[in-house]
Amino acid sequence: MATSATDITGAAPPAALSAEKENTMRVFVTGASGWIGSAAVDELLADGHEVVGLARSDSSAAALERRGAVVRRGDLDDLEGLRAGAADADAVVHLANKHDWSDLAASNRAERRAVETVLGELEGSGRPFLLASGLAGLANGRLSTEADRSPHSGPEAPRGGTEALALEFADRGVRTVSLRFAPTVHGTGDQGFVAVIAAVAREKGVSAWIGNGSARWPAVHRSDAGRLVADALVAATPGLVLHAAAEEGVSTRAIAEALGDSLGLPSTSVAPADAGAHFGWIGGFFGQDMPASSEATLRLLGWSPSGPTLLDDIAGGAYSAA
């Protein structure tokens, strides 16, 4: 059985992490030109690692080269390319996902196949494998911790159940690390969930929350998420679970009111029964209460989030432009 986070949080104090940073690696990164990936690549390069980034387009390849990374062309469907990239690396950081909201089943299948391929190559090697996972749906209605096991298991589960799959390999010679990112990794240029909620507000002419707006979302700034990835690489221990959440829970009412102020729109409540009609597909998601602790992560890594808060980013205009 994989080691739980509560068993390993004292395994490597910050002083030990500083010493380990002298041991640089060749790191294969999928999603290297993405929102989180590009921030992580910058941090990995700053730590002296050699980064090989997966790129599926000319523009992504050029962006990686400008950052100082080596480019491997391919995508999540190129299983032989993924296997070769893993074989040629000291560690793998998997941050890519198709995020095709029109066909989530296909996205989940692609994610499962990609992770199975990489794990098959790394099995028995003792090399680190860092996997992007999420805090959404982990423990709705209460504060989740790193000790919580993911409820998503099996090929048909969200993201193909890849967190559970990867953690199984902690006993099979892979230093698996699950990186559970907050549902909003925010900042200027973000096109994720908060940007979608802002777009709905522009379309409807009102910035809304659901019910009494007490549902809470954890949040982390993009720069802090990138730093966490780099710190997690040197702390990699089989079965390690980390929470990328600088804020435990920002109320959805506070998010909606901040967006309304930023966009110059009124703010109001939408009844839960009307959430789907008002928000579309993101309505069910925006109403989820999913606060998350990162106490064990902070203690283990000495990670010190310093980026703007979510509400500061919204007030600063990060989501004002269409």
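Asker: Any chance you could break down the confidence of the model for the protein chain for me, citing the residues and the numbers?
Answerer: With 93% of its residues at a pLDDT of 70 or more, the protein chain has an overall mean of 91. Taken together, the stretch residues 1–21 has pLDDT below 50 and engages in 37 contacts with residues farther than four places along the chain or on a different chain.

Asker: Tell me what's going on with the environment of L104, and back it up with residues and numbers.
Answerer: Relative to the helices and strands, L104 resides in helix α6 (residues 104–122). Judged by its relative accessible area of 40%, L104 is partly exposed. Residues L104 and W281, spaced 177 residues apart in sequence, show a C-alpha to C-alpha distance of 12 Å.

Asker: Quick one: what's the story with the nonpolar core, residue by residue and with numbers?
Answerer: Among soluble globular proteins, nonpolar side chains are generally buried collectively. Residues V29, L95, L130, V177, L179, F181 and L242 are the most contacted members of the largest nonpolar core, which totals 42 residues. Here this core gets 7 residues from one element, more than from any other, and that element is helix α9 (residues 222–235). In this structure, F193, I282, L310 and I314 belong to the second largest nonpolar core, which totals 27 residues.

Asker: Give a detailed account of helix α3 (residues 35–46), specifying residues and quantitative values.
Answerer: Look at α3: 18 Å from first C-alpha to last across 12 residues, which is about the 16 Å you get at 1.5 Å a residue. Along α3, the residues classified as buried are I36, G37, S38, A39, A40, V41 and L44. Close packing links the buried residues of α3 with β1 (26–30), β2 (50–55), α4 (58–67), β6 (175–181), β7 (184–186) and α9. Directly beyond the C-terminal end of α3, a positive phi value near 95° is found at G48.

Asker: Quick rundown of the pattern of salt bridges? Include the residues and the values.
Answerer: All chains considered together, the criterion is met by 16 salt bridges. The closest approach of N and O atoms between R83 and E80, which form a salt bridge, is 2.4 Å. Of this pair, R83 and E80 both sit in helix α5 (residues 79–87), 3 residues apart, which is roughly one turn of that helix. The exposure class assigned to E80 is exposed, which follows from its relative accessible area of 55%. A single network of salt bridges, built from pairs that share partners, joins E43, D47, R227 and D231.

Asker: Before we move on, can you summarise the sheet that holds strand β11 (residues 247–251) with the specific residues and values?
Answerer: Within a sheet, each strand pairs with its neighbour through backbone hydrogen bonds, oriented either parallel or antiparallel. The strand order across the open sheet formed by 3 strands is β7-β9-β11, and the pairing between neighbours is mixed. Two strands bound the open sheet, and with one partner strand each, they are β7 and β11. Across the sheet, the axes of successive neighbouring strands diverge by a mean angle of 45°, strand direction being ignored.

Asker: Describe the environment of R172, naming the residues involved and giving the relevant values.
Answerer: Tracing the sequence through the fold places R172 in the loop between α7 (162–168) and β6. Between the C-alpha atoms of R172 and G37, which are 135 residues apart in sequence, the distance is 27 Å. Residue contacts for R172: discarding those within four places in its chain leaves E123 and G124.

Asker: Explain the side chain of H243 to me, and be specific about the residues and the numbers.
Answerer: Summarising the element assignment, H243 is placed in strand β10 (residues 240–244). Here R180 takes part through its side chain, which lies 3.2 Å from a polar atom of the side chain of H243. Contact partners of H243, with chain neighbours within four places excluded, come to L135, L138, S144, T145, E146, R180, L228, A292, S293, S294, T297 and W303.

Asker: Talk me through the packing of aromatic side chains; I want residue IDs and the actual numbers.
Answerer: Inspection of the entire model under this criterion finds 6 aromatic pairs. Centroid distance W217 to F286: 5.5 Å. Interplanar angle 85°. Geometry classified as edge-to-face. Note that W217 is positioned in strand β9 (residues 216–221) and F286 in helix α12 (residues 283–286), a separation of 69 residues in sequence. Like F286, W217 is buried. Aromatic ring contacts, followed pair by pair, group F193, W217, F279, W281, F285 and F286 into a single cluster.

Asker: Give me the lowdown on the pairing of β9, citing residues and values where you can.
Answerer: Along any regular strand the residues' side chains alternate between the sheet's two faces. Taking burial as the measure, the 6 residues of β9 include 5 buried ones, the bulk of the element. Taken together, the 3 bridges between β7 and β9 define a ladder with parallel strand orientation. Paired with T184 across the two strands is A219, which belongs to β9. Pairing of β9 with β11 involves 3 bridges; the strand directions are antiparallel. Bridging across to β11, A219 finds its partner in E247.

Parameters and conventions
- Residues numbered from 1 in each chain as written.
- Predicted model: local features only at pLDDT ≥ 70, side-chain atom pairs only at ≥ 80, totals over all residues.
- Heavy atoms only, no water.
- pLDDT = per-residue confidence, 0-100.
- Contact = heavy atoms within 4.5 Å.
- Helix = DSSP H or I, 4+ residues; strand = E, 2+ residues; numbered from the N terminus.
- Buried < 20%, exposed > 50% of the residue type's maximum accessible area, 1.4 Å probe, protein only.
- Core = buried A, V, L, I, M, F, W, Y, C linked by side-chain atoms within 4.5 Å.
- Expected span 1.5 Å × (residues − 1).
- Salt bridge = Lys/Arg side-chain N within 4 Å of Asp/Glu carboxyl O.
- Pairing = 2+ DSSP bridges.
- Axes fitted to C-alpha atoms, helices over the stretch in contact; angles between N-to-C directions.
- Polar contact = N/O pair within 3.5 Å; in protein donor to acceptor, adjacent residues only side chain to side chain.
- Phe/Tyr/Trp six-rings, centres within 6.5 Å; stacked < 30°, edge-to-face > 60°.

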